[in-house]
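These are the residues of each chain, in order.
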Amino acid sequence: MTAPVAVFGVGNRSRGDDAVGPLLLERLRGWLEARGLQGRFDLFEAYQLQVENALDLEGRDVALFIDARQAAASGADFRRLDGAVTAATCHSHMLEPGAVLAVHRQVTGREPPPAFALGVRAERFGLGDGISEAAQAAMTEAWRLLETLAADPRPASWQAITSTRIREEEPWQQGRPP
């Protein structure tokens, strides 16, 4: 049976802060098991997203992509993916989450589930690097948000969180000049 929620932890554990997606996914796995909620979630760890991940969205109520982001507006940048990417702009070896949604649409002929991205601020991506202090702090912020999301994994609840977070940000983070 397909779980209603798909969570993707994207990154390479050997490349410094790029490990934040898989590390948060690992922590989420333990949190879900401790609460008996693991049957409601399918967790996917990937170095990078591929076209095949589009099929992992089939039959889901909601999807979440967790990844390290150098340009994250905050420690934990949570947003809804609009899916405006077209499959024609996708590359075959690595996809952004929006492109995975576009591939799903193209392959299945159906709309993908509502999808969200949790970008975790990161600085270092060198092979063999450890997690930076900035990424560790961002992971703490991201974890608090992830607990909230996992406790109420309804798309409407997640959308409400994105709306609240935008209102709390500075005007320049909303695309308006200061």
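Preceding this section is the structure that the text describes.
I will try to describe carefully the structure that is included in this document. (Residues numbered from 1 in each chain as written. Predicted model: local features only at pLDDT ≥ 70, side-chain atom pairs only at ≥ 80, totals over all residues. Heavy atoms only, no water.)

Points about the pairing of strand 5 (residues 115–121)
For a regular strand, the rule is simple: side chains alternate between the two faces of the sheet. The buried fraction of strand 5 is high, at six of seven residues. With seven bridges joining them, strand 3 (residues 62–69) and strand 5 adopt parallel strand pairing. When the sheet's bridge partners are listed, Ala68 is paired in strand 5 with Val120. Here five bridges tie strand 4 (residues 76–80) to strand 5, and the two strands are oriented antiparallel to one another. In the sheet register, Ala76 faces strand 5, and the bridge partner there is Val120. (Buried < 20%, exposed > 50% of the residue type's maximum accessible area, 1.4 Å probe, protein only. Helix = DSSP H or I, 4+ residues; strand = E, 2+ residues; numbered from the N terminus. Pairing = 2+ DSSP bridges.)

Thoughts on the nonpolar core
If you look at the biggest cluster of nonpolar residues, it comprises 31 residues, and the most contacted ones within it are Val7, Leu28, Leu64, Phe78, Leu118, Val120 and Leu146. Put simply, the parts of the chain that give this core at least two residues each are strand 1 (5–10), helix 1 (20–34), strand 2 (41–46), strand 3, strand 4, strand 5, helix 3 (133–151) and helix 4 (155–168). Here this core gets nine residues from one element, more than from any other, and that element is helix 3. (Core = buried A, V, L, I, M, F, W, Y, C linked by side-chain atoms within 4.5 Å.)

Describing helix 3
For the α-helix, the turn length of 3.6 residues means that residues three or four positions removed from each other point alike. Spanning 19 residues, helix 3 covers 27 Å between terminal C-alpha atoms, matching the ideal 27 Å at 1.5 Å per step. Restricting attention to buried positions, one finds in helix 3 the residues Ala135, Ala138, Met139, Ala142, Trp143, Leu145, Leu146, Leu149 and Ala150. (Expected span 1.5 Å × (residues − 1).)

A word on the packing of helix 1 against helix 3
Running from N to C, helix 1 and helix 3 cross one another at 40 degrees; their axes reach a closest spacing of 10 Å. Considering their axes alone, helix 1 and helix 3 lie oblique with respect to each other. Judged by the sense of rotation from one axis to the other, the crossing of helix 1 with helix 3 is right-handed. Across from Val20, Leu23, Leu24, Arg27, Leu28, Trp31 and Leu32 in helix 1, the residues of helix 3 making contact are Ala135, Met139, Ala142, Trp143, Leu146, Glu147, Ala150 and Ala151. (Axes fitted to C-alpha atoms, helices over the stretch in contact; angles between N-to-C directions. Parallel < 35°, antiparallel > 145°, perpendicular 65-115°, else oblique. Left-handed = near helix turned anticlockwise from the far one by under 90°. Contact = heavy atoms within 4.5 Å.)

Things to note about the pattern of salt bridges
Close approach of charged atoms lets side chains of opposite charge pair. All chains considered together, the criterion is met by eight salt bridges. For Arg60, the salt bridge identified is with Asp42, shortest N-O distance 2.6 Å. One end of the pair, Arg60, is in the loop between strand 2 and strand 3; the other, Asp42, is in strand 2, and 18 residues separate them in sequence. On the accessibility criterion, Arg60 (12% relative accessible area) is buried. (Salt bridge = Lys/Arg side-chain N within 4 Å of Asp/Glu carboxyl O.)

Topic: the side chain of Asn12
Relative to the helices and strands, Asn12 is located in the loop between strand 1 and helix 1. Asn12 sits in the buried class, given a relative accessible area of 17%. Looking at Asn12, its side chain comes within polar contact range of the main-chain nitrogen of Ser14, at 2.8 Å. Dropping the residues within four chain positions of it, Asn12 is found in contact with Asp18, Ala19 and Tyr47. (Polar contact = N/O pair within 3.5 Å; in protein donor to acceptor, adjacent residues only side chain to side chain.)

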